[in-house]
Amino acid sequence: MSEYRDYEFSESISFRFLSLTDAQAAELSNGVSGAECRKRKDNSFNVGVVELREEVIGPIVDFHRLHNVALKDCDIFLSLTTENDSEIWEAPELVNEILRSVNCRLTFSFTCV
């Protein structure tokens, strides 16, 4: 629930690596708690997804730096689901914290149900 409005919503925030090799995908899965990897539909690369939590910020930043991940190859995916057609939402401090360490895009999904 937002601090400023009486709205309710569900949120999901993940860090995504969008073009991992098989070796990088295995390393991410084994090295970052909760990381999940899958092949892209075109079977060219793997996508690695990590739910953003305080304890995974350090390992995500380390992996990102070790592999010199390009801006186009990662993002923070923010997904909101609400019953309202208009919503005020503030990203948690975790988003700002990781953005200070990792240069990546923000990708939003807003769903009204």
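Residues numbered from 1 in each chain as written. Predicted model: local features only at pLDDT ≥ 70, side-chain atom pairs only at ≥ 80, totals over all residues. Heavy atoms only, no water.

Right, let's get into the overall build of the protein. Each helix and strand counted, the protein has three helices and five strands in total. The order of helices and strands in the protein, counted from the N terminus, is β-α-β-β-α-β-α-β. Principal axes of the C-alpha set define a box for the protein whose edges measure 45 × 30 × 25 Å. When the 113 residues of the protein are sorted by exposure, 35% land in the buried category. (Helix = DSSP H or I, 4+ residues; strand = E, 2+ residues; numbered from the N terminus. Buried < 20%, exposed > 50% of the residue type's maximum accessible area, 1.4 Å probe, protein only.)

Here we take up the packing of helix α1 (residues 22-31) against helix α2 (residues 54-66). Their axes nearest at 11 Å, the elements α1 and α2 cross at an angle of 160°. As the angle between them shows, α1 and α2 are arranged roughly antiparallel. As for the relative orientation of α1 and α2, their crossing is right-handed in sense. Here Q24, E27, L28 and G31 of α1 lie close against α2, whose contacting residues are P59, F63 and L66. (Axes fitted to C-alpha atoms, helices over the stretch in contact; angles between N-to-C directions. Parallel < 35°, antiparallel > 145°, perpendicular 65-115°, else oblique. Left-handed = near helix turned anticlockwise from the far one by under 90°. Contact = heavy atoms within 4.5 Å.)

So, about the nonpolar core. Among the nonpolar cores identified, the biggest contains 26 residues, and F15, F17, L28, L52, I60, I76 and I98 are the most heavily contacted of them. Elements with a contribution of two residues or more to this core: β1 (9-20), α1, α2, β4 (74-82) and α3 (93-101). The greatest single-element share of this core, amounting to five residues, is contributed by α2. (Core = buried A, V, L, I, M, F, W, Y, C linked by side-chain atoms within 4.5 Å.)

The subject of this paragraph is the pattern of salt bridges. A side chain of one charge can pair with a side chain of the opposite charge if their charged atoms are brought near each other. Enumeration according to the criterion identifies six salt bridges in this entry. A salt bridge links D22 to K39; the nearest nitrogen and oxygen atoms lie 2.9 Å apart. Of the two residues, D22 sits in helix α1 while K39 sits in strand β2 (residues 36-39), which places them 17 residues apart along the sequence. Of the residues examined, K39 reaches a relative accessible area of 36% and is grouped as partly exposed. R100 is the partner of E93 in a salt bridge, and the nearest nitrogen-oxygen pair spans 2.8 Å. Assessed through its relative accessible area of 60%, R100 is described here as exposed. (Salt bridge = Lys/Arg side-chain N within 4 Å of Asp/Glu carboxyl O.)

This brings us to α1. Helical periodicity: at 3.6 residues per turn, an α-helix aligns residues three or four positions apart in one direction. Within the span of α1, buried status applies to Q24, A25 and L28. Mapping the buried residues of α1 onto a view down its axis gives an arc of 100°, with all of them on the same face. Those residues of α1 that are exposed and angled more than 90 degrees off the buried face are D22, A23, N30 and G31. (Arc of directions from axis to C-beta.)

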